Amino acid sequence: MSAPADIDVRPITEAEHSEWLRALRAGFLREPVVSAAELAARRGQFEHGRFIGAFEGERCVATFRSFAQEVTAVGGQLVAADAISGVTVTATHRRRGLLTRMMNEDLAAAKERGDVLATLIAAEYRIYGRYGFGPATSGTEWTIDVPRAGLDPRGPDLRGGRIDLVDPDEVRKLGPELHDRMRRATPGAISRDEWWWQLNTGAVRTEPGWTEPFFAVYRAADGTVEGLMAYEVDEKWADTMQPSNTASVRGMIASTPAAERVLWHYLCSIDWVMRVKSGWRAPDDLLPHLLPNPPAARITMQADWLWVRILDVVRALEARTYEGEGTLVLEVVDGSGTTGGRYLLDATPDGASCTATSRSADLTLDVRDLATLWLGDESAVRLAALGRVREERAGAGRGADALLRPSRRPWCPDMF
């Protein structure tokens, strides 16, 4: 077994991208073979300095990549983030500190660049808290029993609007602007680059077996595109030769509640569709209550989703808006030394200032728990009950919740 010092952790060269991808596939328990087609497709993702590998000789045994991202804060401001993905350590090389070395190198570079946050989606809950990350959003999937939903099977009332099935080229034209409107109104939403749109419309294919979904666009009466849904339908028939198909949503974005209502009703009114799987939605999504019979939609999956690591407390707290007006002194503990300290937050619904202070703290908390509170999806009172936040002043948890928790829960629609 090689000692940790014998393993070289460093940014990879473009010539090493294929070996890095082989290790990535092995780490995610996929066939460790990189085809020429996959390598060509992923070439557009490669960015010098943002792909890190751990090498034992010429063999890559751990992978890590990051890329530029924007996260929507409460109130709509877009915050610069270091998005982390492709994290693996080959099973033969665990417990040698490789992830820690790669993570520390990347987070130091992100802070040097001026990123406010780092983000990731955790495949394993227990790993990332020790690096200062905390779960900041969650998601829910519903399955709709269409016959019980109570919707008019003739379809939605379009009120002068229309629904069109479009091809991938049209999606790449219409989707980015619609998504930009949606994400600016959705705390926790993240940016999508051109590569995302190419990958999710089949223009770029990294895996064999791509099947093109249906793409439905909803236009309001004035012609404005307000909704886009991608879905696929299986083919299943009951023993009595009755259709029993399931429509599964790959993604749906809408800029208005009316667009959400129309698209869900449309999908539930397609002949032969008996069930609809909603795909990943906000935990307080309107969906169940858009049905005349809400219990026809049952939760079939619920989990944490976007994890956040705050790199700059001042800029993170000043980037968002607040539900009320007040002050809060936070003692932030950061074992890495990246961003700990005592901070005075002076907040109003129109914005806030945050400064270092010597005033007595109201709350003491780890940076990972501040990350959990930043988008407002968790309660300081709950964290205090769990022993993760310490109230230095009686009632400080309730005061923090009154400031931090928004009227709608944050949501990140995307995997990365």
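Residues numbered from 1 in each chain as written. Predicted model: local features only at pLDDT ≥ 70, side-chain atom pairs only at ≥ 80, totals over all residues. Heavy atoms only, no water.

Some thoughts on the overall build of the protein
For the protein, the helix and strand inventory stands at 11 helices and 19 strands. Over its C-alpha atoms the protein spans a radius of gyration of 23 Å, differing by no more than 12% from the 22 Å that the globule rule assigns to 416 residues. With the C-alpha coordinates of the protein rotated into their principal frame, the extents come out at 65 × 55 × 40 Å. Taking all 416 residues of the protein together, the buried fraction comes to 52%. Of the contacts made within the protein by residues no fewer than 6 positions apart, 72% connect residues no fewer than 24 positions apart. A total of about 19,400 Å² of accessible surface is found on the protein, and carbon and sulfur atoms cover 50% of it. (Helix = DSSP H or I, 4+ residues; strand = E, 2+ residues; numbered from the N terminus. Rg over C-alpha atoms; globule rule 2.2 N^0.38 Å. Buried < 20%, exposed > 50% of the residue type's maximum accessible area, 1.4 Å probe, protein only. Contact = heavy atoms within 4.5 Å. Areas by Shrake-Rupley, 256 points an atom, 1.4 Å probe, with all protein chains shown as cover.)

Quick notes on helix α7 (residues 257-268)
With 12 residues, α7 extends 17 Å from end C-alpha to end C-alpha; this agrees with the ideal 16 Å at 1.5 Å per step. With respect to burial, α7 is a largely interior element, nine of its 12 residues being buried. (Expected span 1.5 Å × (residues − 1).)

Brief notes about the packing of aromatic side chains
The relative placement of two aromatic rings is captured by the distance of their centres and the angle of their planes. Counting across every chain of the model gives 10 aromatic pairs. Judged by centre distance (6.0 Å) and plane angle (90°), the ring pair of Phe67 and Phe416 falls under edge-to-face. Placement of Phe67 in strand β3 (residues 59-72) and of Phe416 in the segment after α11 (396-404) is noted, with a sequence separation of 349 residues between them. Residue Phe67 is classed as buried on the basis of its relative accessible area of 17%. (Phe/Tyr/Trp six-rings, centres within 6.5 Å; stacked < 30°, edge-to-face > 60°.)

Concerning the pattern of salt bridges
A complete count under the given rule lists 34 salt bridges for this structure. Here Arg159 and Asp157 are joined by a salt bridge, their closest N and O atoms 3.7 Å apart. Note that Arg172 and Asp169 form a salt bridge whose closest N and O atoms lie 2.2 Å from each other. Here Arg172 pairs with Asp169, and both are found in helix α5 (residues 168-184), just three residues apart, close to one helical turn. With a relative accessible area of 26%, Arg172 lands in the partly exposed category. Residue classification places Asp169 among the partly exposed positions, given a relative accessible area of 44%. Shared partners join several salt bridges into a network, and the residues in it are Arg25, Glu38, Arg42 and Glu207. (Salt bridge = Lys/Arg side-chain N within 4 Å of Asp/Glu carboxyl O.)

A closer look at the side chain of Glu38
Its place among the elements puts Glu38 in helix α2 (residues 36-42). Of the residues examined, Glu38 reaches a relative accessible area of 4% and is grouped as buried. Within the structure, the side chain of Glu38 is placed 3.1 Å from the side chain of Arg25, a separation counted as a polar contact. Apart from the residues lying within four places of it in its own chain, the contact partners of Glu38 are Arg25, Val33, Thr206 and Glu207. (Polar contact = N/O pair within 3.5 Å; in protein donor to acceptor, adjacent residues only side chain to side chain.)

Looking at the pairing of strand β11 (residues 245-254)
Along β11, seven of the 10 residues are buried, which leaves the element largely enclosed by surrounding structure. Strand direction decides the pairing type here: strand β10 (residues 225-233) and β11, joined by seven bridges, are antiparallel. Across the sheet, the residue bridging to Tyr231 is Val249, located in β11. Bridge analysis of β11 against strand β12 (residues 273-277) gives four bridges, and the strand direction is parallel. Pairing of Asn245 across the sheet is with Val273, part of β12. Crossover handedness for the path β11 to α7 to β12: right-handed. (Pairing = 2+ DSSP bridges. Right-handed = clockwise from strand over helix to strand, strands pointing away.)

A short note on the sheet that holds strand β8 (residues 162-166)
Judged by pairing direction, the sheet is mixed, and its seven strands sit side by side in the order β8-β9-β10-β11-β12-β7-β13 without closing on themselves. Since the sheet does not close on itself, it has two edges, and those belong to β8 and β13 (297-304), each with one partner. Strand-to-strand twist in this sheet, taken as the mean axis angle between neighbours without regard to direction, amounts to 25°. Of the strand pairs in this sheet, strand β7 (residues 138-145) and β13 are connected by seven bridges, and their pairing is antiparallel. Paired with Thr143 across the bridge in β13 is Arg298. The sheet strands contacting α5 are β8, β9 (214-219), β10 and β11, and the helix crosses β10 at an angle near 125°. Those strands touched by α7 are β7, β8, β9, β10, β11 and β12, and its axis lies near 25° from that of β10. (Axes fitted to C-alpha atoms, helices over the stretch in contact; angles between N-to-C directions.)

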